[in-house]
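# Close look at the chain arrangement
Chain by chain, the residues run as shown.
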Amino acid sequence: MNKKLAAALSGGAVLVLALSGCSSDDGDEKLDNWAKKVCDSVQPQSKKIADANAAIQKETSDNSSPSDVQKTDSKAFKDMSDAYKSMGNAVKSAGAPPADDGKKKADDAVKELNSISKSYGDLKKQVDGLDTKNQADFADGLKDVAGELDKLSKSGNEALEKLQEGEVGKAMGKQDSCKSASATPSAKS
């Protein structure tokens, strides 16, 4: 059951990596400046998500008490929720990239990041509501959380991928902060 939760988490880390692009030497200054602004804001958030994933991985593999698992998961889900919200704010504050359909792509990405943030906030509430005094009930509740987490990790990140199509992705790929975001280790199942 804990392994299922950890496996679901590793899928969630993939969403973070969607905000790092391919590298290219082509580009224009406006687009490069936009990409730098987004990447510099996203990089610390991707680290926060990776750290939260790692904390859950460690707690679920240590045969920890239900209350310790609950406390760790709750904090991790809050951190993830905050990080995705911050990513959405970063894209929103950067504005539309100077590219075809830039405004729609940025708006869609912000909407998606905020939705992911809300989903992690809902998971935090779900974990907080689990009964840690009854191990069997706690395990059943954790299975439900793992199921929701699995759905979340499989939810589409099409808007983020569309944001990075073409020149926008190339510009993001040139930014050191996006390169380091893509190198952030994901949780292993």
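Residue numbers here run from 1 along each chain, matching the order of that chain's written sequence. Side-chain atom pairs in this predicted model are given and counted only at pLDDT of 80 or more, local residue features only at pLDDT of at least 70, and totals for whole chains, interfaces and linings cover all residues. Here the side-chain values reflect all heavy atoms present in the structure, with hydrogen atoms and water set aside.

Turning our attention to helix α3 (residues 66–94). Because the α-helix completes a turn every 3.6 residues, residues three or four places apart line up on one side. Secondary structure elements follow DSSP: runs of H or I of four or more residues count as helices, runs of E of two or more count as strands, with numbering from the N terminus. Expected helix span is given by 1.5 Å per residue-to-residue step, counting one fewer step than there are residues. Look at α3: 42 Å from first C-alpha to last across 29 residues, which is about the 42 Å you get at 1.5 Å a residue. Two residues or fewer after α3 comes Gly95, characterised by a positive phi angle close to 80°.

To obtain an axis, a line is fitted to C-alpha atoms, over the contacting stretch when the element is a helix, and the angle between two such axes runs from 0 to 180 degrees between their N-to-C directions. Put simply, helix α2 (residues 29–61) and helix α7 (residues 166–173) touch, their axes get as near as 8 Å, and they point 60° apart. Classified by the interaxial angle, the pair formed by α2 and α7 is oblique. Judged by the sense of rotation from one axis to the other, the crossing of α2 with α7 is right-handed. Note on element contacts: α7 touches α2 through Glu167, Val168, Ala171 and Met172, opposite Leu31, Asp32, Trp34, Ala35, Val38 and Cys39. A breakdown of the residues in the contact of α2 with α7 according to their chemical character gives 8 nonpolar, no polar and 2 charged. In what follows, roughly perpendicular refers to angles from 65 to 115 degrees, roughly parallel to angles under 35, roughly antiparallel to angles over 145, and oblique to any angle outside these ranges. Put simply, a crossing is left-handed when the front helix is turned counterclockwise from the back one by less than a right angle, and right-handed when it is turned clockwise. Residue contacts follow a heavy-atom distance rule, with two residues in contact if any of their heavy atoms lie within 4.5 Å. Residues were grouped as follows: Ala, Val, Leu, Ile, Met, Phe, Trp, Tyr, Cys and Pro as nonpolar; Asp, Glu, Lys and Arg as charged; and all remaining residues, including Gly, as polar.

Here we come to the packing of aromatic side chains. Centre distance and the angle of the planes are the two values used to describe a pair of aromatic rings. Two rings belonging to Phe, Tyr or Trp (six-membered ring only in the last case) form a pair when the distance between their centres is within 6.5 Å. Interplanar angles under 30 degrees mark stacking, angles over 60 mark edge-to-face geometry, and anything in between is tilted. Inspection of every chain in the model, using the stated rule, returns 2 aromatic pairs. With a centroid separation of 6.1 Å and 35° between ring planes, the pair formed by Phe77 and Tyr120 is classed as tilted. Taken together, the residues Phe77 in helix α3 and Tyr120 in helix α4 (residues 102–128) connect sequence positions 43 residues apart. Of the residues examined, Tyr120 reaches a relative accessible area of 1% and is grouped as buried. On the numbers, 5.6 Å between centres and 0° between planes, the contact of Tyr84 with Tyr120 is stacked. Residue Tyr84 is found in helix α3, and its partner Tyr120 is found in helix α4; the two are separated by 36 residues along the sequence. Side by side, Tyr84 and Tyr120 carry an identical accessibility label, which is buried. Any residue under 20% of the maximum accessible area for its type is buried, any over 50% is exposed, and the rest in between are partly exposed; the area is computed with a 1.4 Å probe on protein chains only.

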